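Summary of structural features
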Amino acid sequence: MLPAFFCTLATIINLGRYILHATVKLVAIMDISTLSKRFYNDPELCSIFDFTALVSYVEIISLLKPKLSTILPSNQLGPPPTLPVNIHTFLRYCFSMSDDMGKLAWERLGSYAWINSFQDVEEEHATMQKHARWFLQHGTKPTCQVGIYNLEPPTRVCLDPRCGSPLHSNKHILRNRDLVEPMTHPITVFTRNLGAVPAFATSRYCRSSLFLKLCD
Ligand SMILES: [Zn+2]
């Protein structure tokens, strides 16, 4: 029992350090003056977001950032102007928000959440553990289909140089063709920290004329 006790104690201490670090970090990345003005201009946000909920919103967006990045064109840096319906719905479930409140939250807080990034893998794993219950409870719902792990192709563009198209501004430079038509399937990911967890894997295609000719 003794090793288990110390293991639990160590976990609690690490979690405490993590929460303190996350809070200090959040205050650091946010321009509090600007943020407070947004809450002042849209006071209905206060009905959803106390400080703890705001921290959680930023952290969950940080976990979903790789997934959200895949919906953007490869030459566009985030955040997306609006959330995909499934992720919007997932966040609505997590924070008990109405449709309008979910949209307002992203409009007002999305850019703040987007600039947050994990300092290291340990911080990312701790955040996963903290919010895993939301992904387990809501992520697998048919209207959400978002996991704490969302596997995507390692590239957002076709790597075949023959599929590139010349830039309008400089026809000598080719722009890689974006992969399209995402197909998402439920999978199970076996992890050391969380055990077996439901997740999703997405494949994408290159639909260039070269590809279509090859398929004829
Ligand atoms: Zn291609």
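In this text, all values refer to a predicted model and were calculated from it rather than measured experimentally.

What counts, and at which threshold
- Residues numbered from 1 in each chain as written.
- Predicted model: local features only at pLDDT ≥ 70, side-chain atom pairs only at ≥ 80, totals over all residues.
- Helix = DSSP H or I, 4+ residues; strand = E, 2+ residues; numbered from the N terminus.
- Buried ≥ 20, exposed ≤ 12 C-beta atoms within 10 Å, placed from the backbone.
- Contact = placed C-beta atoms within 7 Å.
- Pairing = 2+ DSSP bridges.
- Axes fitted to C-alpha atoms, helices over the stretch in contact; angles between N-to-C directions.
- Parallel < 35°, antiparallel > 145°, perpendicular 65-115°, else oblique.
- Left-handed = near helix turned anticlockwise from the far one by under 90°.
- pLDDT = per-residue confidence, 0-100.
- Core = buried A, V, L, I, M, F, W, Y, C linked by C-beta atoms within 7 Å.
- Expected span 1.5 Å × (residues − 1).
- Bend = angle between axes of the 7 residues up to and from the residue.

**Description of the overall build of the protein**
- What the protein contains, in helices and strands, is 7 helices and 5 strands.
- Of the regular secondary structure in the protein, the N- to C-terminal order runs α-α-α-α-α-α-β-β-β-β-β-α.
- Each of the 216 residues in the protein was classed as buried or not, and the buried ones make up 19%.
- In the protein, of all internal contacts separated by at least 6 residues, the share reaching a separation of at least 24 is 63%.

**Points about the pairing of strand β4 (residues 180–191)**
- Across the 12 residues of β4, 0 count as buried, placing the element largely on the outside.
- Hairpin geometry of β4 and strand β5 (residues 195–205) is characterised by an intervening segment of 3 residues between the two adjacent antiparallel strands.

**Observations regarding the environment of Thr89**
- Secondary-structure assignment places Thr89 in helix α4 (residues 85–95).
- Distance from Thr89 to Lys141, taken between C-alpha atoms, is 9.8 Å for residues 52 residues apart in sequence.
- For Thr89, the residues in contact, after removing those within four places along its chain, are Thr143 and Cys144.

**Things to note about the packing of helix α3 (residues 51–69) against α4**
- Put simply, α3 and α4 touch, their axes get as near as 12 Å, and they point 155° apart. Considering the angle they form, α3 stands roughly antiparallel to α4. Our pair here, α3 against α4, has a crossing hand that is right-handed. Residues Ala53, Tyr57, Ile60, Leu64 and Leu68 of α3 pack against Ile87, Cys94 and Phe95 of α4.

**Some remarks on the sheet that holds β4**
- Spatially, 3 strands are ordered β1-β5-β4 in an open sheet, and the strand pairing comes out mixed. The open sheet has two edge strands with one neighbour each: β1 (150–151) and β4.
- Across 2 bridges, β1 lies against β5 in parallel orientation. From the neighbouring strand, Leu151 faces β5, where its bridge partner is Ala201.

**Side note on the pairing of β5**
- Two elements, β4 and β5, share 10 bridges in a ladder whose sense is antiparallel. Paired with His185 across the strands is Ala201, a residue of β5.

**Brief notes about the packing of α4 against helix α6 (residues 121–139)**
- Axis separation between α4 and α6 bottoms out at 10 Å; the angle between their running directions is 115°. Two packed elements cross with a definite hand, and for α4 against α6 that hand is right-handed. Of the residues in α6, those touching α4 at Phe90, Tyr93 and Cys94 are Trp134, His138 and Gly139.

**Details of the confidence of the model for the protein**
- Mean pLDDT over the protein works out to 84, with 82% of the residues at or above the 70 mark.
- Within the model, pLDDT remains below 50 along residues 1–13, and this stretch shows 0 contacts once partners closer than five positions in the same chain are excluded.

**Quick notes on the nonpolar core**
- Residues Tyr57, Leu64 and Ile87 are the most contacted members of the largest nonpolar core, which totals 28 residues.
- At the level of elements, α3, α4, α5 (99–115) and β5 are the ones that each hand at least two residues to this core.
- Leaving out residues up to four positions away in the same chain, Ile87 has contacts with Leu64, Leu68 and Val146.

**Here we look at α3**
- Given a rise of 1.5 Å per residue, 19 residues ought to cover 27 Å, and the 26 Å separating the end C-alpha atoms of α3 matches this to within 8%.
- The largest bend along α3 reaches roughly 45° and is located at Leu63, with the proline Pro66 sitting one to four residues downstream.
- Residues of α3 that are buried: Leu54, Tyr57, Val58, Glu59, Ile60, Ile61, Leu63, Leu64 and Leu68.

**Points about unusual backbone geometry**
- One non-glycine residue, Ser96, lies in the positive phi region at around 50°.
- Accessibility expressed as a C-beta count within 10 Å gives 10 for Ser96, which makes it exposed.
- Backbone geometry places Gln145, a non-glycine residue, at a positive phi of 55°.
- What makes Gln145 partly exposed here is the crowd of 19 C-beta atoms within 10 Å.

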